[in-house]
Amino acid sequence: YKRQMRILVFIMYIILFVGCNSVNRPKKPDNLISKDKMSEIIYDVYIMNSAKGINKTLLENNGILPQEFIYKKHSIDSLQFANSNDYYAFDTEVYEGIINKVKEKIESEKVKYEAINEEELKAEKELREARAKELNKSPKVLKEFKEVKQ
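Residues numbered from 1 in each chain as written. Predicted model: local features only at pLDDT ≥ 70, side-chain atom pairs only at ≥ 80, totals over all residues. Heavy atoms only, no water.

It is worth spelling out the pattern of salt bridges at this point. All chains considered together, the criterion is met by three salt bridges. Close ionic contact of Lys73 with Asp44 constitutes a salt bridge, the shortest N to O distance being 2.9 Å. A residue pair is termed long-range when its members are at least 10 positions apart, and Lys73 in helix 3 (residues 66–73) and Asp44 in helix 2 (residues 35–61) qualify at 29 residues. For Asp44, a relative accessible area of 11% puts it in the buried group. A salt bridge links Lys112 to Glu109; the nearest nitrogen and oxygen atoms lie 3.6 Å apart. Placement of the pair is Lys112 and Glu109 together in helix 5 (residues 92–137), with a separation of three residues, close to one helical turn. Look at Glu109 and you get buried, because its relative accessible area is 18%. (Salt bridge = Lys/Arg side-chain N within 4 Å of Asp/Glu carboxyl O. Helix = DSSP H or I, 4+ residues; strand = E, 2+ residues; numbered from the N terminus. Buried < 20%, exposed > 50% of the residue type's maximum accessible area, 1.4 Å probe, protein only.)

Have a look at this one:
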């Protein structure tokens, strides 16, 4: 009985090994998109998906179809993108490198836009404070302001 179990387990391992090895790497496309360009495209896909999630109607009202926009911007078509994506995704280390490049760019852009937003908020606050000081300095303006408010 033990011998039969060992043979059965051995056969299962062989079937598993042969079954897993039958997955072939996709053929390298003739028009393979470079890794750098692929990361730019995937970055744009992430940004466009975020924009779609925030206000899809605004995009549609302005005639922007996200996928077509990205294909046109990068001078590619859907088949070229799909084939290149499949080719790179098969090698997880290569694909991870592409995705990491996208993440780095997103993080860099996030820091940049947060700094811009912070500067805008600071400028708005300074402007409000300056206007408030100006109103307090001039009794005539303050009186007129109070009258308008009533």
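For the rest of this paragraph, the subject is the packing of helix 2 against helix 3. One can describe the packing of helix 2 onto helix 3 by two numbers: an axis separation of 9 Å at closest approach and a directional angle of 145°. Note on packing geometry: the crossing formed by helix 2 with helix 3 is right-handed. For the pair formed by helix 2 and helix 3, the contact residues are Ile41, Asp44, Val45, Met48, Lys52 and Leu59 on the first element and Pro66, Phe69, Ile70 and Lys73 on the second. Taken together, the residues of the contact of helix 2 with helix 3 break down into seven nonpolar, no polar and three charged. (Axes fitted to C-alpha atoms, helices over the stretch in contact; angles between N-to-C directions. Left-handed = near helix turned anticlockwise from the far one by under 90°. Contact = heavy atoms within 4.5 Å. Nonpolar A, V, L, I, M, F, W, Y, C, P; charged D, E, K, R; others polar.)

This part covers the confidence of the model for the protein chain. Mean pLDDT over the protein chain: 83, with 77% of residues reaching 70 or higher. When mean pLDDT is compared element by element in the protein chain, helix 4 (residues 78–90) scores highest at 93, while helix 6 (residues 139–149) scores lowest at 59. (pLDDT = per-residue confidence, 0-100.)

All right, on to the packing of aromatic side chains then. The geometry of an aromatic ring pair comes down to the distance between the two centres and the angle between the two planes. For the structure shown, the criterion picks out one aromatic pair. With centroids separated by 5.7 Å and ring planes inclined at 70°, the aromatic side chains of Tyr87 and Tyr88 adopt a geometry described as edge-to-face. Like Tyr87, the residue Tyr88 is buried in the burial classification. Over the ring of Tyr43 we find Lys105; its NZ or CZ atom is 4.3 Å from the centre of that ring. Sitting over the ring of Tyr113, Lys112 keeps its end group 5.5 Å from the ring centre. (Phe/Tyr/Trp six-rings, centres within 6.5 Å; stacked < 30°, edge-to-face > 60°. Lys NZ or Arg CZ within 6 Å of the ring centre and 35° of its normal.)

It is worth spelling out helix 2 at this point. The terminal C-alpha atoms of helix 2 lie 33 Å apart, and with 27 residues this falls more than 12% below the ideal 39 Å at 1.5 Å per residue. Taken as a whole, helix 2 carries its principal kink of about 105° at Asn55. Of the positions making up helix 2, those classed as buried are Met38, Ser39, Ile41, Ile42, Tyr43, Asp44, Met48 and Leu59. The first or second residue beyond helix 2 is Gly63, which carries a positive phi of 75°. (Expected span 1.5 Å × (residues − 1). Bend = angle between axes of the 7 residues up to and from the residue.)

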